[in-house]
Every structure is written in C-alpha cells, then in structure tokens.
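Reading the structure
Chain residues, written in single-letter form:
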Amino acid sequence: TAAPAKKTTAQKTQANVADAKLAAAKQDTMVVQAPPKRDLIKMDTIRKSLRNDNAIEVNLVKDRTPLAYEHIREDDAIYREKVWREIDIREKINLPFRYSADDDNGNQRFIAILLNTIKSGEVTAFDASVDDRFTTPMTLDDIGSKLAGSCDTIMVPDMEKDPTLSKGIMKESVVCEEFNMDDITKFRIKEEWVFDKESSRLYVRILGIAPVKTFTDKNTGKELGTAPIFWVYYPDMRPALAKYEVYNGKNFGARMSWEELFETRMFGSYIVKSTLDNPRDLYLKQYIKDSVLQLLEGENVKNTIFNDEQDLWSY
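As a starting point, this report considers the structure included with it.

Scoring rules and cut-offs
- Residues numbered from 1 in each chain as written.
- Predicted model: local features only at pLDDT ≥ 70, side-chain atom pairs only at ≥ 80, totals over all residues.
- Heavy atoms only, no water.
- Helix = DSSP H or I, 4+ residues; strand = E, 2+ residues; numbered from the N terminus.
- Contact = heavy atoms within 4.5 Å.
- Buried < 20%, exposed > 50% of the residue type's maximum accessible area, 1.4 Å probe, protein only.
- Phe/Tyr/Trp six-rings, centres within 6.5 Å; stacked < 30°, edge-to-face > 60°.
- Lys NZ or Arg CZ within 6 Å of the ring centre and 35° of its normal.
- Axes fitted to C-alpha atoms, helices over the stretch in contact; angles between N-to-C directions.
- Parallel < 35°, antiparallel > 145°, perpendicular 65-115°, else oblique.
- Nonpolar A, V, L, I, M, F, W, Y, C, P; charged D, E, K, R; others polar.
- Pairing = 2+ DSSP bridges.

Further remarks concern the side chain of Arg64. Within the element layout of this structure, Arg64 appears in the loop between α1 (9-30) and β1 (77-88). With residues up to four places along the chain from it excluded, the contact list for Arg64 reads Ala242, Lys243, Glu245, Met256 and Ser257.

On to helix α2 (residues 110-119). Across the 10 residues of α2, nine count as buried, placing the element largely inside the fold. Inspection of α2 places Phe110, Ile111, Ala112, Ile113, Leu114, Leu115, Asn116, Thr117 and Ile118 among the buried residues, and these make up the whole buried set.

Now for the environment of Lys119. Examined against the element boundaries, Lys119 turns out to sit in helix α2. Judged by its relative accessible area of 57%, Lys119 falls in the exposed class. The spatial distance from the C-alpha of Lys119 to the C-alpha of Leu140 is 6.6 Å, given a sequence separation of 21 residues.

The next subject is the packing of aromatic side chains. Counted according to the given criterion, the structure contains 14 aromatic pairs. When the centroid spacing of 4.2 Å and the interplanar angle of 15° are considered together, the rings of Tyr99 and Tyr247 count as stacked. In this pair, Tyr99 sits in the loop between β1 and β2 (102-103) while Tyr247 sits in the loop between α4 (234-241) and α5 (258-263), placing the two residues 148 residues apart along the sequence. For Tyr99, a relative accessible area of 22% puts it in the partly exposed group. Relative to Trp231, the ring of Phe134 has its centre 6.4 Å away and its plane inclined at 85°; by these criteria the two rings are edge-to-face. Of the two residues, Phe134 sits in the loop between β4 (125-127) and β5 (137-138) while Trp231 sits in strand β11 (residues 230-233), which places them 97 residues apart along the sequence. The same class applies to Phe134 and to Trp231, which are both buried. Through successive ring pairs, a cluster of aromatic residues spans Phe97, Phe110, Phe187, Tyr234, Trp258, Phe262 and Phe267. Sitting over the face of the ring of Tyr69, Arg238 holds its NZ or CZ atom 4.1 Å from the ring centroid. The cationic tip of Arg255 hangs over the ring face of Phe252; the distance from NZ or CZ to the ring centre is 4.3 Å.

Here α2 crosses α4 at 105°, and the two axes come no closer than 11 Å. In this view, α2 runs roughly perpendicular relative to α4, as classed from their interaxial angle. Along its contact with α2, which presents Phe110, Ile113, Leu114 and Thr117, the element α4 presents Met237, Ala240 and Leu241. Of the residues belonging to the contact of α2 with α4, the class tally is six nonpolar, one polar and no charged.

Extensive coverage of strand β8 (residues 186-196) is indicated by the burial of 11 of its 11 residues. Side chains of β8 alternate between two faces, with Lys186, Arg188, Lys190, Glu192, Val194 and Asp196 and Phe187, Ile189, Glu191, Trp193 and Phe195 buried alike. Two strands pair when backbone bridges link them, and β1 and β8 are joined in this way by 11 bridges, in the antiparallel orientation. If you follow Trp84 over to β8, its bridge partner there is Lys190. Relative to strand β9 (residues 201-216), β8 runs antiparallel, the two being bridged by 11 bridges. Following the sheet pairing, Lys190 is matched in β9 by Gly208. Linking two consecutive strands that pair antiparallel, namely β8 and β9, is a turn of four residues; a positive phi of about 55° is found at Ser200 within it.

Okay, structure coming up:
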C-alpha cells in the first residue's frame, strides 16, 4: 500500500484556521448565561455605630458568657419527661420576640438573631421536616427556600410592545414570594424535665428551638397549618444568646440577655406534645380536635409532672 501524502505547510495552515473557526463557532453557540441567583433571605446589612449611641459606656454585654449547667449523673436522673412547647409571640408577654429595632449586632427580632448566628457559622441548623433530634444539617440556602416560598409564572401586559394596552399583548413574568420576618409568629421549644436525686431538685433543660411558619392558601387566604422550619441546638446557641439583650418596654436600662430569659422562663407558652402517656408519639392536636381541650390537656401534663416530683419526696 502507498504511504499517505504529507500535508504541505499551506494545507496545515488552512486546517488550523478552519479548526479555530469551528471552535469559535461552537463556543458562540454553546455559551449559556446562568440565571441570576435569587437572594432567598434578604437581611439588612449590620451597621455598627461609629459613635457611642448611649449616655453611658455599654460593655458588659460584650463580655457576657452563660453559666455552665450543673452536671447530672445518669444514675441520679430517676425521673425524665420530654415536653414540646409553642411560644406565640403575639401574646403580650412575648412581645420582646418581635422587637424590630436595629443595634450594633443587627436586627433585634428573635428570628433575625437565629438567622444571623446560622449565617455566621456559630450554630448549625437542622432540618425540621426530617425529625427533631438534630440529625440532618441545613444550609442557609435550604432555609431560605423554605421560608421564602416558591416562584410562579404569571401573564402580565407587555408595556414595551403595547405601551397603550390597546393590542392586548401579554408576556410571562416570574413572581417570587419574599420572606418577611414578621410572618414568623410562633417558636417551638423542645425541653426535658429531669429530677436529680443527688440534689433532690427538678431541672428543666431546653434542648432545641425552632421557628414555626404558618402556611396559607394563596387564593382564599385560609390558614392551612403550621410547621417548624429548622431546629437549632439550644446549648450551642447559649453563648450567642448571652450577647443579645431582650427589649424591656418599662425600663430600657434593666435588660436581660436572651439566654437569661430562657433560663428564667420569662416567656409565655403552651404544651403541644409530651412523652407522658404518649406511646404513639402524637401531638395533642392529632388526637384532641378542640383547641380549648388541647390547652387543658397541656395544663394537665404540667400538673402531672409537678405532682410526680412531689410524690418523690418522703416526709
């Protein structure tokens, strides 16, 4: 067989030019611009005051750290019950949760405090749709997709092609729901009550906090239900909460930290679930339909735990 003829220099040059044109053509036809990333959680930029915004020097809150919990041995915990509560921040006692002013550490709404600590990496958020045992971490984008909602495509008048609206020309427009911090009106708390026989005391330890979102029908506005969005592990959250002060409407100088508020139980709540006589692990609303009877059953759970503590004493 005859050997293939070698290409001349001119032929090689023409081939290289053709390959370059083909590559450029492919590049022009294959480049696709990615859609702009949607900012799911729009949070204001934290702006620190460049001058002292108080009549006195306020430095104590910067150095505040929570006290360590007293250790409870497993053998000494002779009585334990888990309780789930909901805090409705529309109640008068819980109005500090809605305090919407800005400070050097950001917005003072409690939901904003949670999101800021997650954004800074101080705490980890866990997916509440999986379980409430802190097993599945979530990113801030995952939280934003659940809080902000979905996007819908609607038809709107095309003002460019039909400025007078006489031709009836329409075009597609994407409308996305935006997250409003004031839409979060409830928080769920998971806690455990433990009786320590060594100190003969009944302790309560908060385990987790979750913001609860209310879902409504877009067409009728009817409330469909509520569900927690994410959980944060409260012991991890304590150092951050110690550096945020709680709004006091009667005396702005007598303010406690958020960690002190939770430890001293300075909030109003009602029980929505417990491990007491609950072998099917149900919420109260799943087997008690009347809302008033749900509140009464929650009070019954609280009184039962109190009476069980008293029964552990001998006189």
